[in-house]
Amino acid sequence: MQDKLQALREEALTKINEADDLKALEAVRVGYLGKKGPITEVLRGMGKLSAEERPVVGELANTVRAAITEALEAKKQVFEEEALNEQLKAEAIDVTLPGRPVTLGGPHLLTSIVTEIEDLFIGMGFEVKEGPEVETDYYNFEALNLPKDHPARDMQDSFYVTEELLMRTHTSPVQARTMGEYKGNKPVKMICPGKVYRRDTDDATHSHQFTQVEGLYVDKNVRMSDLKGVLNQFAKQFFGEEREIRLRPSFFPFTEPSVEMDISCKVCHGKGCSVCKQTGWIEILGGGMVHPDVLKMAGYDPEIYSGFAFGMGPERIAMLKYGVDDIRHFYTNDQRFLAQYHQA
Ligand code: PHE
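All values derive from a computational prediction rather than experimental measurement.

1. Quick notes on the pattern of salt bridges
Part 1: Enumeration over the complete set of coordinates arrives at 15 salt bridges.
Part 2: With its nearest N and O atoms 3.4 Å apart, the salt bridge here joins Lys 148 to Glu 142.
Part 3: The class of Lys 148 is partly exposed, set by a relative accessible area of 40%.
Part 4: Between Glu 283 and Arg 248 there is a salt bridge, and its shortest N-O distance comes to 3.9 Å. Separated by 35 residues along the polypeptide, Glu 283 in strand E8 (residues 281–290) and Arg 248 in strand E6 (residues 245–252) bring together distant segments of the chain.
Part 5: Exposure remark for Arg 248: the relative accessible area of 26% places this residue in the partly exposed category.

What follows is the structure, encoded as structure tokens:
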């Protein structure tokens, strides 16, 4: 019986040695240590042994069982380690490979320009207002001293939605809306950025949709020199201290007198070059003193209140500031163009 046990141990150990996966190993375990296995059988037959033999065989059976269990465990660990190593190898990360670049977005150039303009006017005490892009004929034209059939309506070809509704052609209706909101008895000092629409054919300098920033200051004793002072401050802060401004007489139905403002050309500093078409100056906005009729229609007494207004085009301003040569760049959304103006 002892020989049999020794033989079983040798056999089992050889099989364990030969096992080449966990499944084979489990078969050996069941085969030798299982309930129906030979060792269990030996232990079960112990009753038939003599009193002297019994402890000796019992101990040996236990040792054999322990040896087989230990060998099984050891081999199992080897398999597990191998499996782990293989998994690690398969999942290995090559830290020397170059990383994938993370592309960061940024505000659109026009958004940045408008924000910059807003910040500048907020710094001078203006509040920022908004108005609807689908506007009534009344606010877009009539409240701005442009009654039906007024020839100056032709200055701005419009997209009509119905007889009385149109896509606003400028941000000036927000002048009338804000004065209406303030009910004729409070000063108004606001700017209004926003999209506007005109029936134009798109080319390098025209777009059927573009942006404007309107400005309006109504109070007692607001004078033309205030307009000039505010715009001068804007031009120098925005374009640089060395830039000069000049006001030229112009016409808008809602301002009287009306002006157009030029800034000195940054390329030639007023001497004349191809950028400023040899004039030394570049036009950047329109403005003037709010027409008394416009004040009156909005509920302000022109005998007590006066004001100035202006309207500028952020596209044009961005084009001048950054040398952009085609207004369509703002709307075709070519990443190569836009990414140049993302600030880190
Ligand atoms: N609304 C005018 C335009 O679109 C600009 C302007 C605004 C002129 C305010 C005078 C005062 O051309």
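Moving on from the model shown.
2. Observations regarding the UniProt feature "binding site: Mg(2+)" (unreviewed entry) in the chain
Part 1: Within the UniProt annotation, "binding site: Mg(2+)" (unreviewed entry) is assigned to Glu 256.
Part 2: As for its position among the elements, Glu 256 is in strand E7 (residues 255–264).
Part 3: A relative accessible area of 46% means that Glu 256 is categorised as partly exposed.
Part 4: Ignoring sequence-local partners within four residues, the contact set of Glu 256 consists of Met 289 and His 291.

3. Some details on the environment of Asp 334
Part 1: Along the polypeptide, Asp 334 turns up in the loop between helix H11 (329–332) and helix H12 (335–338).
Part 2: Residue Asp 334 is classed as partly exposed on the basis of its relative accessible area of 29%.

4. Digging into the domain arrangement of the chain
Part 1: Assigned domains of the chain: these are domain 1 (2–90) and domain 2 (109–131 + 176–341).
Part 2: Once you take the C-alpha centre of each, domain 1 and domain 2 turn out to be 93 Å apart.

5. Structural notes on the nonpolar core
Part 1: Membership of the largest hydrophobic core comes to 38 residues, with the highest contact counts inside it found for Ile 117, Phe 121, Phe 234, Phe 308, Phe 310, Met 312 and Phe 330.
Part 2: Sorting the residues of this core by element identifies helix H5 (109–122), strand E5 (209–219), helix H8 (224–239), E7, E8, strand E9 (306–312), helix H10 (314–322) and H12 as the ones contributing at least two each.
Part 3: Looking at this core, the element that brings in the most residues is H8, giving seven residues.
Part 4: Leu 166, Met 190, Phe 254 and Val 294 belong to the second largest nonpolar core, which has 22 residues in total.

6. Quick word on the side chain of His 291
Part 1: Mapped onto the elements, His 291 comes out in the loop between E8 and helix H9 (292–297).
Part 2: A distance of 3.4 Å separates a polar atom in the side chain of His 291 from a polar atom in the side chain of Asn 145.
Part 3: If sequence neighbours within four positions are ignored, His 291 has contacts with Asn 145, Pro 253, Phe 254, Thr 255 and Glu 256.

7. Some points on the environment of Phe 330
Part 1: Within the secondary structure, Phe 330 sits in helix H11.
Part 2: In this structure, the C-alpha to C-alpha distance between Phe 330 and Leu 110, residues 220 residues apart in sequence, is 7.3 Å.
Part 3: When neighbours within four sequence positions are excluded, Phe 330 is seen to be in contact with His 108, Leu 109, Leu 110, Glu 315, Ala 318, Met 319, Val 324 and Phe 337.

Conventions used here
Residues numbered from 1 in each chain as written. Predicted model: local features only at pLDDT ≥ 70, side-chain atom pairs only at ≥ 80, totals over all residues. Heavy atoms only, no water. Salt bridge = Lys/Arg side-chain N within 4 Å of Asp/Glu carboxyl O. Buried < 20%, exposed > 50% of the residue type's maximum accessible area, 1.4 Å probe, protein only. Helix = DSSP H or I, 4+ residues; strand = E, 2+ residues; numbered from the N terminus. UniProt positions renumbered as here; feature names shortened; annotations may be inferred. Contact = heavy atoms within 4.5 Å. Domains from an automatic or database assignment. Core = buried A, V, L, I, M, F, W, Y, C linked by side-chain atoms within 4.5 Å. Polar contact = N/O pair within 3.5 Å; in protein donor to acceptor, adjacent residues only side chain to side chain.

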